[in-house]
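Notes for the structure review
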Amino acid sequence: RGVLGTVDHKIIGIRYMVTAFLFFCLAGIQILLVRTQLARPESNFLSPETYNQFFTMHGTTMIFFFATPVLFGFGNFLIPLMTGTRDMAFPRLNAFGYWVFLFAGLLMYSSFLVGMVPDGGWFAYPPLTGPQYSPGLNLDFWNLGLLFLSISTTAGALNFIVSIFKMRAPGMSIDRMPLFVWAILVTSFAVIFAVPSLTAANLLLMLERTFGFHFFNPAAGGNPLLWQHLFWVFGHPDVYIIFLPAVGIAAEIIGTFSRRPVLGYTLLAMATVATGIIGFGVWVHHMFAVGLSQIANNFFSMSSIIIGIPSGVQVFAWLGTMLTGRPVFKTPLLWIAGFIFLFVLGGVTGVMFPAVPFDQQVTDTYFVVAHFHYVLVGGAIFPAFGGFYYWFPKFFGRMLDERLGKINFWLFFIGFNLTFFPMHILGLIGMPRRVYTYLPGLGWDGLNLLSTIGAFIIALSVVVLIANVIQSLRKGEKAGDNPWDGSSLEWATASPPPAYNFARIPIVRSRVPLWDSREKGRSAPLETTPLTNALEHETLGTTVIDAHPDSVMHMPHDSMVPFFLTLAMLVIFIGLMLLQYWLVGVGVVLTIGLIVVWLWPDHVEKGGAA
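Calculation rules
- Residues numbered from 1 in each chain as written.
- Predicted model: local features only at pLDDT ≥ 70, side-chain atom pairs only at ≥ 80, totals over all residues.
- Heavy atoms only, no water.
- Helix = DSSP H or I, 4+ residues; strand = E, 2+ residues; numbered from the N terminus.
- Salt bridge = Lys/Arg side-chain N within 4 Å of Asp/Glu carboxyl O.
- Buried < 20%, exposed > 50% of the residue type's maximum accessible area, 1.4 Å probe, protein only.
- Phe/Tyr/Trp six-rings, centres within 6.5 Å; stacked < 30°, edge-to-face > 60°.
- Pairing = 2+ DSSP bridges.
- Core = buried A, V, L, I, M, F, W, Y, C linked by side-chain atoms within 4.5 Å.
- Contact = heavy atoms within 4.5 Å.
- Polar contact = N/O pair within 3.5 Å; in protein donor to acceptor, adjacent residues only side chain to side chain.
- Axes fitted to C-alpha atoms, helices over the stretch in contact; angles between N-to-C directions.
- Parallel < 35°, antiparallel > 145°, perpendicular 65-115°, else oblique.
- Left-handed = near helix turned anticlockwise from the far one by under 90°.
- Expected span 1.5 Å × (residues − 1).
- Bend = angle between axes of the 7 residues up to and from the residue.

At the junction of Pro126 and Pro127, the peptide bond is cis and its omega measures out at 5° in the coordinates. With respect to the helices and strands, Pro127 occurs in the loop between α4 (91-109) and α5 (138-166). A cis amide bond, omega -5°, links Ser495 with the succeeding residue Pro496. A positive phi angle, close to 55°, is found at Glu42, a residue other than glycine. The topology assignment puts Glu42 in the loop between α2 (9-38) and α3 (48-82).

Applying the stated criterion across every chain, the model contains five salt bridges. Close ionic contact of Lys10 with Asp8 constitutes a salt bridge, the shortest N to O distance being 3.0 Å. Overall, Lys10 belongs to the buried group, its relative accessible area being 5%. With a shortest N-O distance of 3.2 Å, Asp364 and Arg434 are connected by a salt bridge.

It is worth spelling out the packing of aromatic side chains at this point. Under the counting rule described, the total for this entry stands at 74 aromatic pairs. The interplanar angle of 90° and the centroid separation of 5.2 Å between the aromatic rings of Phe382 and Phe412 together place this pair among those described as edge-to-face. Taken together, the positions of Phe382 in helix α13 (residues 366-396) and Phe412 in helix α14 (residues 402-428) put the pair 30 residues apart, joining distant regions of the chain. Relative accessible area serves as the criterion here: at 2%, Phe412 is assigned to the buried category. A centroid spacing of 6.1 Å and a plane angle of 70° characterise the contact between Phe382 and Phe416, whose relative ring orientation is edge-to-face. Separated by 34 residues along the polypeptide, Phe382 in helix α13 and Phe416 in helix α14 bring together distant segments of the chain. The same class applies to Phe382 and to Phe416, which are both buried.

In this section: the pairing of strand β1 (residues 538-542). Among the five residues of β1, five are classified as buried, and the element is accordingly described as predominantly covered. In the sheet, β1 pairs with strand β2 (residues 549-554) via five bridges, with the strands oriented antiparallel. Across the sheet, the residue bridging to Gly541 is Ser551, located in β2. Joining the antiparallel neighbours β1 and β2 is a turn of six residues, in which Ala547 adopts a positive phi near 60°.

Before going further, it helps to examine the nonpolar core. By size, the foremost hydrophobic cluster in this structure holds 176 residues, and its most contacted members are Phe64, Phe65, Phe74, Trp318, Phe339, Trp391 and Phe412. Considering every element that reaches this core, the biggest residue donor is α3, with 19 residues. Beyond its immediate sequence surroundings of up to four residues, Phe339 is in contact with Phe243, Ala250, Trp318, Gly378, Gly379, Phe382 and Pro383.

Attention shifts here to the side chain of Arg209. Its location among the elements puts Arg209 in helix α6 (residues 179-211). On the basis of relative accessible area, Arg209 is assigned to the buried category, the value being 12%. Reaching out from Arg209, the side chain makes a polar contact with the backbone oxygen of Ser134 at a distance of 2.8 Å. Of note is the side chain of Arg209, whose polar atom sits 2.6 Å from the backbone oxygen of Gly136.

On to the packing of α6 against helix α8 (residues 265-278). Contact pair α6 / α8: the axes reach a minimum separation of 9 Å and the direction vectors enclose 15°. Between α6 and α8, the angle falls in the class roughly parallel. The chirality of how α6 crosses α8 is right-handed. Contact with α6, carried on its side by Leu179, Trp182, Ala183 and Val186, involves Tyr265, Leu268, Ala269, Thr272, Val273 and Gly276 of α8 and no other residues of that element.

For the rest of this paragraph, the subject is α4. With 19 residues, α4 ought to run about 27 Å at 1.5 Å a step, and its terminal C-alpha atoms sit 28 Å apart, in line with that. Most of α4 is tucked away, with 17 of its 19 residues classed as buried.

Let us now look at the packing of α5 against helix α17 (residues 561-578). Packing of α5 against α17 leaves a shortest axis separation of 10 Å and a crossing angle of 155°. Comparing the axis directions of α5 and α17 gives the class roughly antiparallel. Two packed elements cross with a definite hand, and for α5 against α17 that hand is right-handed. Between α5, through Asp140, Phe141, Leu144, Leu147, Phe148 and Ile151, and α17, the contact on the second element is made entirely by Thr566, Met569, Leu570, Phe573, Leu576 and Met577.

Given a rise of 1.5 Å per residue, 34 residues ought to cover 50 Å, and the 50 Å separating the end C-alpha atoms of helix α7 (residues 224-257) matches this to within 8%. At Trp232, α7 shows its maximal kink, close to 30°. In this structure Asn223 caps α7, since a side-chain oxygen of it lies 2.9 Å from the backbone nitrogen of Leu225. Following α7 by one or two positions, Arg259 has its phi on the positive side, about 60°.

Take Asp175: it is sitting in the loop between α5 and α6. For Asp175, a relative accessible area of 39% translates into the label partly exposed. The spacing of Asp175 and Asp546 is 371 residues in sequence and 8.8 Å in space, taken between C-alpha atoms. Excluding residues within four positions of it along the chain, Asp175 makes contact with Tyr265 and Arg511.

Right, dumping it as structure tokens:
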């Protein structure tokens, strides 16, 4: 029961991160095989079919099962601690979201066991993914896996929004929230508005593949561009869904290691909100080559340029903070410095794509692959690794080894640039994406070999990270409560934090409460409220804007219902895939029954909120 029934946000957050990292390793193995195939011309290391499967699962795993979940894992662990409360608003829903994420990944990866691995690319463009060209279950694993996953993503986003708006510590008005909290809040709203578009696309594709509909079949009156619009209405905001939490991590680390509050707090919060909003108006720059009207292209070209402005504000604020502070280049700040360097390089190529003639020339070449990875790996994975080094002492109570940490960083940084910088040149001299082999004498040989060597250096870097974690968990230096002298509330608790987070709910008077308390010479780390029922998981509810106390919230105890509800819903999706409607019926009945148990009034009185 303790393993399957826990609703503790800290345990769930660590589970998100560990599970996402395991998927990251699987995706890494797949791309190492792909890069081995491309290291030399006319290679037969992989067959065309296997190549398609590996690059499809690599992209799908990195986007859907690593980048977003690992950053949501940080959010799950840190948001209640940073906002001075004892758990998420809906702890059982939080546990349910994790189990759905895990089983959606297992559902998709079970395709390897039956030899029907998705092979239509992580973008799954019809008509190639329709029943005519992909008649097997390969794309059904992909389609239904993402449909299942969307339940987890949406539940997590709703939980974050309510938790941030209604459960902040007294005094933490919205203009005192940590920038990481702002980032998770904006990301959660982006998820709520973006994911339905992908869900609609998945549903239409399922209807076409399973029941003979023709949404994307031109011969029957459909239009394959409908998929592209639906997919990219989700797909480009998803870039910012991945990027914005990483921006929040960067702001927290830069402030701590520069030994001063981050410059331009209000502008940074506004830039975060602006990025989340403008991100919904740029999706068509993925489609400049499909023949849309010039007026439409011009509009989306303009918005694709404008979205660079908030990012510029953020970069200048970070650099200004470091220049006016006293930066200490420990491993977490090294990762953030690498992130700024790589993200700016990715941004330089990014503002080239809104130029429609240039975009049409490099569409579907390796230039796009290079840009995409500079923005997402440089802009999300580097901050995620930095955040892991920064908050590892809070997660586990021990420090990671600095020497191994720096080796980890430099191997990853060098390997990354060696892998992806040559791809800019490959794209400009004509190498298309998604080709499993190529002829000699085209000028691509040496650059592809460099990229493959770089990929293996990245893999070595990940091995160093794993070794560092294992060594530190076994015999690492004990961290103490606040080893980095951080300013936000998570550092006011023990390392790792107790189950109830705070014995007394803190009161917040500034944006840097721990530094503020120390400067005012208070004997206790923080001023606190009288509420002490920590073991019963009572916590305060507060007003949305000013965080004035307005209620006492009773948090639920451990429950097995989220785990069993996930299994019941999994039965529905397996039944749909296998066209076993009796199995769908069983799953529906079990799901309804378990929802009734979840919401049953006696259960709520004993356990508390959802």
